[in-house]
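# Summary of structural features
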Amino acid sequence: AISRPRAPQRPDPFSRIRHCGRSQTRRLDSRLMGAEVSHAFLRKGYLLGELPLVNVYLAHEWFRRGSRDEATSLMRASVDQLFWEGPLVEWGIPATGVLVETLLDLGTEPAKAEAEAAIGRLATAPADHGLVIRKIWLLRLRALLARAHKNAATYADFRNRYLTMARSLGYQGHIAWAEIGRAHV
């Protein structure tokens, strides 16, 4: 039997992430990597619902590297898109968390007000009643907002409720975040 030659495989944009160590991954040019991932999503025509989440994390990296205005604009637009078009439960909740943390990192009163509005929108967004993942994220975000406003009593209350809920659910990542927060009282 004659074997047919295999078509050359296209490079996988995610391979750069999978094959790098943690320190190497941090050194990757986030703009290039984000562009590659976005291009892959658009070219393949799938996972377009996840593209706004990718953009939120890409914007967070831009913010971290100093492109604050550009980053917050992209993040706002992506979170808005997730709320109006995308899956709130899967991506809108953590994306809102990234947005709120980023706004609080700005430290300005208008940014704090915007963070509070984003928390309010998450709290009132349509979703299954009693959605646990939303409840735990709201406790975390409200604790962070109280800390940003230097309200120690409210911060401690939300942080303690957050830690209690995280422990009762066995959510290790949330437990770690809440325990780290104890040092910030």
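These numbers were taken from a predicted model, which means no experiment stands behind them. (Residues numbered from 1 in each chain as written. Predicted model: local features only at pLDDT ≥ 70, side-chain atom pairs only at ≥ 80, totals over all residues. Heavy atoms only, no water.)

### Topic: the confidence of the model for the protein chain
When the pLDDT values of the protein chain are averaged, the result is 78; 67% of them are 70 or greater. Within the model, pLDDT remains below 50 along residues 5–28, and this stretch shows 18 contacts once partners closer than five positions in the same chain are excluded. (pLDDT = per-residue confidence, 0-100. Contact = heavy atoms within 4.5 Å.)

### Details of the packing of aromatic side chains
The full count for this structure, using the stated rule, is one aromatic pair. An angle of 70 degrees between the planes, with centres 5.6 Å apart, marks the rings of tryptophan 137 and tryptophan 177 as edge-to-face. With tryptophan 137 in helix 8 (residues 132–148) and tryptophan 177 in helix 10 (residues 172–181), the pair connects residues that are 40 residues apart, well separated along the chain. The ring of phenylalanine 83 carries the charged tip of arginine 121 above its face, separated from the ring centre by 4.1 Å. If you follow arginine 140 out to its NZ or CZ, it ends over the ring of tryptophan 177, 4.0 Å from the centre. (Phe/Tyr/Trp six-rings, centres within 6.5 Å; stacked < 30°, edge-to-face > 60°. Helix = DSSP H or I, 4+ residues; strand = E, 2+ residues; numbered from the N terminus. Lys NZ or Arg CZ within 6 Å of the ring centre and 35° of its normal.)

### Observations concerning the side chain of arginine 140
Checked against the element boundaries, arginine 140 lands in helix 8. Residues contacting arginine 140, with those up to four places away along its chain left out, are Glu101, Tyr162 and Trp177.

### Focus on the environment of histidine 149
Mapped onto the elements of the fold, histidine 149 is located in the loop between helix 8 and helix 9 (152–169). Through-space distance from the C-alpha of histidine 149 to that of lysine 112 is 8.1 Å; in sequence the pair is 37 residues apart. Beyond its immediate chain neighbours, meaning those up to four positions away, histidine 149 contacts Glu109, Lys112 and Glu116.

### A closer look at the packing of helix 7 (residues 109–124) against helix 8
Orientation of helix 7 relative to helix 8, taken along the N-to-C sense of each, is 160 degrees, at an axis distance of 10 Å. Here helix 8 runs roughly antiparallel to helix 7, going by the angle between their axes. Of the two elements, helix 7 crosses helix 8, and the hand of that crossing is left-handed. Contact residues: helix 7 offers Lys112, Glu116, Ile119, Leu122, Ala123 and Thr124, while helix 8 offers Arg134, Leu138, Leu141, Arg142, Leu145 and Ala148. A breakdown of the residues in the contact of helix 7 with helix 8 according to their chemical character gives seven nonpolar, one polar and four charged. (Axes fitted to C-alpha atoms, helices over the stretch in contact; angles between N-to-C directions. Parallel < 35°, antiparallel > 145°, perpendicular 65-115°, else oblique. Left-handed = near helix turned anticlockwise from the far one by under 90°. Nonpolar A, V, L, I, M, F, W, Y, C, P; charged D, E, K, R; others polar.)

### Some details on the pattern of salt bridges
Under the counting rule described, the total for this entry stands at eight salt bridges. Among the salt bridges present, the one from aspartate 80 reaches arginine 121, with a minimum N-O distance of 2.8 Å. Of the two residues, aspartate 80 is situated in helix 5 (residues 68–84) and arginine 121 in helix 7; the sequence distance between them amounts to 41 residues. The partly exposed category is assigned to arginine 121, whose relative accessible area is 22%. For arginine 140, the salt bridge goes to glutamate 101, with nearest N and O atoms at 2.9 Å. Taken together, the residues arginine 140 in helix 8 and glutamate 101 in helix 6 (residues 88–106) connect sequence positions 39 residues apart. (Salt bridge = Lys/Arg side-chain N within 4 Å of Asp/Glu carboxyl O. Buried < 20%, exposed > 50% of the residue type's maximum accessible area, 1.4 Å probe, protein only.)

### A look at unusual backbone geometry
With glycine set apart, most residues show a phi of negative sign, and most peptide bonds adopt trans. Phi angles above zero are rare outside glycine, and lysine 150 is one such case at about 60 degrees. With respect to the element layout, lysine 150 can be found in the loop between helix 8 and helix 9.

### Let's talk about helix 5
Counted at 1.5 Å a residue, the expected span for helix 5 with its 17 residues is 24 Å, and the 24 Å between its end C-alpha atoms agrees. Along helix 5, the residues classified as buried are Ala71, Thr72, Met75, Ser78, Val79, Leu82 and Phe83. Taken down its axis, helix 5 places every buried residue within 135 degrees of arc, on the same side. Along helix 5, the residues that are exposed and aim more than 90 degrees away from the buried face are Asp69 and Trp84. (Expected span 1.5 Å × (residues − 1). Arc of directions from axis to C-beta.)

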